[in-house]
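# A look at the structure
Listed below, chain by chain, are the residues.
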Amino acid sequence: RHAHGSAPEKLSLRLALWMGARLSRSKVVFNSQAARRTHDYLGYDQPEAVVIPNGIDANHFRASERIRTEVRTKFGLSPPSRWIGVVARNHCHKGIDIFLAAVAPLLATNQSWCIVLAGPGMIASDRITAESGVKKQIEELGIAQEQITLCDRVDDTAFFFPGLDCLVVPSRVESFPNVAIEAMACEVPVVGTDVGDLSVIVDDPERICPVADVTALRLLIANIMRQPREALAERAKQDRQRVRARYHMDLSSQAYVSLYRTLTQPAAMSGPN
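A brief structural summary.

Conventions and cut-offs
- Residues numbered from 1 in each chain as written.
- Predicted model: local features only at pLDDT ≥ 70, side-chain atom pairs only at ≥ 80, totals over all residues.
- Heavy atoms only, no water.
- Helix = DSSP H or I, 4+ residues; strand = E, 2+ residues; numbered from the N terminus.
- Rg over C-alpha atoms; globule rule 2.2 N^0.38 Å.
- Buried < 20%, exposed > 50% of the residue type's maximum accessible area, 1.4 Å probe, protein only.
- Contact = heavy atoms within 4.5 Å.
- Polar contact = N/O pair within 3.5 Å; in protein donor to acceptor, adjacent residues only side chain to side chain.
- Pairing = 2+ DSSP bridges.
- Right-handed = clockwise from strand over helix to strand, strands pointing away.
- Salt bridge = Lys/Arg side-chain N within 4 Å of Asp/Glu carboxyl O.
- Core = buried A, V, L, I, M, F, W, Y, C linked by side-chain atoms within 4.5 Å.
- Axes fitted to C-alpha atoms, helices over the stretch in contact; angles between N-to-C directions.
- Parallel < 35°, antiparallel > 145°, perpendicular 65-115°, else oblique.
- Left-handed = near helix turned anticlockwise from the far one by under 90°.
- Nonpolar A, V, L, I, M, F, W, Y, C, P; charged D, E, K, R; others polar.
- Patch = residues over 30% accessible without salt bridge, like charges linked within 9 Å, V, L, I, M, F, W, Y side chains within 5 Å.
- Areas by Shrake-Rupley, 256 points an atom, 1.4 Å probe, with all protein chains shown as cover.
- Arc of directions from axis to C-beta.

### A word on the overall build of the chain
A count of helices and strands for the chain gives eleven helices and eight strands. The C-alpha atoms of the chain give a radius of gyration of 20 Å, which matches the 19 Å a tight globule of 273 residues would have. For the chain, the spread of C-alpha atoms along the three principal axes comes to 65 × 40 × 30 Å. A burial count over the chain gives 49% of its 273 residues as buried. Considering only intrachain contacts with a sequence separation of at least 6, the fraction spanning at least 24 residues in the chain is 68%.

### Observations concerning the environment of R82
Take R82: it is sitting in strand β3 (residues 82-87). Distance from R82 to W113, taken between C-alpha atoms, is 4.7 Å for residues 31 residues apart in sequence. For R82, the contacting residues outside a window of four places in its chain are R72, S112, W113, C114, D165, I224, M225, Q227 and R229. There is a polar contact of 3.4 Å between the side chain of R82 and the backbone oxygen of Q227.

### Some remarks on the pairing of strand β7 (residues 190-193)
Pairing of strand β6 (residues 166-169) with β7 involves three bridges; the strand directions are parallel. Paired with V168 across the strands is V191, a residue of β7. Taken together, β6, helix α6 (residues 178-185) and β7 constitute a β-α-β crossover, and its handedness is right-handed. Pairing of β7 with strand β8 (residues 208-209), which is carried by two bridges, proceeds in the parallel orientation. Within β8, the position partnered with G192 by the bridge is I208.

### Description of the pattern of salt bridges
Where charged atoms of side chains with opposite charge meet at close range, the side chains can pair. What the rule picks out here adds up to twelve salt bridges. Ionic pairing is found between R72 and D165, a salt bridge with its closest N-O pair at 3.4 Å. With a gap of 93 residues between them, R72 in helix α3 (residues 65-74) and D165 in the loop between β5 (148-151) and β6 connect regions that are remote in the sequence. Take R72: its relative accessible area is 6%, and that puts it in the buried class. Here the salt bridges share partners, and the residues they tie into one network are R68, R72, R82 and D165.

### Comments concerning unusual backbone geometry
Of note, E187 is a non-glycine position whose phi angle comes to about 65°, a positive value. Looking at where E187 falls in the secondary structure, it is placed in the loop between α6 and β7. Notably, A212 is not glycine yet its phi reads approximately 65°, a positive angle. Mapped onto the secondary structure, A212 falls in the loop between β8 and α8 (214-225).

### Thoughts on the side chain of Q147
Tracing the chain through its elements places Q147 in the loop between α5 (134-141) and β5. A polar atom in the side chain of Q147 sits 3.3 Å from the backbone oxygen of N110. Within polar-contact distance, the side chain of Q147 engages the backbone oxygen of W113 at 2.9 Å.

### Concerning the nonpolar core
If you look at the biggest cluster of nonpolar residues, it comprises 33 residues, and the most contacted ones within it are W83, F160, F161, L164, L167 and V190. Looking at this core, the element that brings in the most residues is α6, giving six residues. When residues no more than four places from it in sequence are discounted, the contact partners of L164 are R68, W83, G85, V116 and V188. Ranked by size, the runner-up nonpolar core spans 32 residues in total, among them F99, M122, V134 and A222.

### Looking at the sheet that holds strand β4 (residues 113-118)
Here we have six strands laid out as an open sheet, ordered β5-β4-β3-β6-β7-β8, and parallel in their pairing. This sheet does not close on itself; its edge strands, each paired only once, are β5 and β8.

### A short note on the packing of helix α4 (residues 96-109) against α5
Two quantities define a packed helix pair, namely the angle between the axes and the distance from one axis to the other. Interaxial distance between α4 and α5 falls to 10 Å at its minimum, and their mutual angle equals 20°. By the angle between their axes, α4 is roughly parallel relative to α5. You can see that α4 and α5 cross each other, and the crossing is right-handed. Together, D97, L100, A101 and A104 of α4 and V134, Q137, I138 and L141 of α5 make up the contact between the two elements. For the contact of α4 with α5, the per-class residue count stands at six nonpolar, one polar and one charged.

### Re a nonpolar patch on the surface
A surface patch of nonpolar side chains, amounting to about 330 Å² of accessible area, comprises L15, W18 and M19. With respect to the helices and strands, W18 occurs in helix α1 (residues 11-20).

### A few points about helix α2 (residues 33-42)
Among the residues making up α2, those that are buried are A34, A35, T38 and H39. When α2 is viewed along its axis, its buried side chains cluster within an angular range of 125° and face the same direction. Summarising the geometry of α2, the exposed residues directed more than 90 degrees from the buried face are R37 and Y41. One or two residues past the end of α2 sits G43, with phi positive at roughly 115°.

Below is the structure:
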């Protein structure tokens, strides 16, 4: 579940990766191609590598006008408002500072646009980098209080994502961002940085930009948000179909079952463990 990014790794993690590369094993399962490339570079043997993407229940994650109305009412959004969201823990790897810098000028010129930062630590811990906190950056960027909502962990994002008009993944480090496939299954457009397997998941170069490129991310968000919601409907349906075809939980489960069966065969049992 781990892949390298532009942010430095802790010494303890680097040590664990180094040790893991030197231990015997039958198979190593990665949840993304990016993770596989990272570990290949670190010394994990390719013959032992298996990539099984994360999966979700696409019947649980789906578009719903009822949920959309309930969520937006809960957070006090008026019907004309457009809502841009980041759903992630409050950590420098997640690029919240990049997102805020990118979106601030858009909010200043589009008063009906609002943003939400949702995830562990968004309220309880006001930190985003070693130098500044979320609230401090919001103040410095001049983002109006009525245009931003901070909330803590969302217990079930299936009852949150339908309320959004766009999900942004501004991360510096990712392997396989689950929030992307969850939002796409709910027919919410996703844009973000070229990190982990996000470009493979989204499969649209016009919705992916370089990591930490504030200007490019701003353009991606503006391009999505300036389109009428109805105009995005067909693309959103295609996104959902893509998730169902490639990232449904049933596919992931079947891949793991097949893998475990190969490990119980006599030939596999006689090898390293």
